[in-house]
Amino acid sequence: MTAQEEARPELEVWIDQDLCTGDGICAQYAPEVFELDIDGLAYVKSADDELLQDKGATTPVPLPLLDDVRDSAKECPGDCIHVRRVTDQVEVYGPDAE
Ligand code: SF4
């Protein structure tokens, strides 16, 4: 890991499934991070590619996928993708970002 990466706050992402429309935009942008389950809603995946089926589950945002995850949050029609800093839980992308 480079010094620059170490200095960057670690981010995690979670989805509020209660607001998910199931359109699948996030899974198109970042299929490594998001996937639709059989209930038609989007969930995040672990670093091991496992679908995390608990509502509101969080997963780390891999740095190479940050742009795709950020774009997913911006384009999400349900406004239900939340990207936040691990350290202080402040949302940086998503409906609750300042
Ligand atoms: S983009 Fe948002 S609303 Fe659409 S499937 Fe993903 S989380 Fe659900």
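Quick note: structure is the one above.
Analysis parameters
- Residues numbered from 1 in each chain as written.
- Predicted model: local features only at pLDDT ≥ 70, side-chain atom pairs only at ≥ 80, totals over all residues.
- Heavy atoms only, no water.
- Helix = DSSP H or I, 4+ residues; strand = E, 2+ residues; numbered from the N terminus.
- Buried < 20%, exposed > 50% of the residue type's maximum accessible area, 1.4 Å probe, protein only.
- Contact = heavy atoms within 4.5 Å.
- Near = heavy atom within 4 Å.
- 1 Å grid on protein atoms, 1.4 Å probe; cavity = no way out; pocket = protein on both sides within 12 Å on 5 of 7 lines; lining within 4 Å.
- Sits in = over half its atoms within 2 Å of the grid points.
- Nonpolar A, V, L, I, M, F, W, Y, C, P; charged D, E, K, R; others polar.

What to know about the side chain of Ser46
- As for its position among the elements, Ser46 is in the loop between β3 (42-44) and β4 (58-60).
- For Ser46, a relative accessible area of 15% gives the class buried.
- Dropping the residues within four chain positions of it, Ser46 is found in contact with Leu52 and Thr59.

Re the site of the ligand
- Taken together, 14 residues sit near the ligand, with Cys20, Asp23, Gly24, Cys26 and Cys76 positioned nearest.
- With respect to the detected pockets, the ligand is housed in the largest cavity.
- Here the shell around the ligand is composed, by residue class, of nine nonpolar, four polar and one charged.

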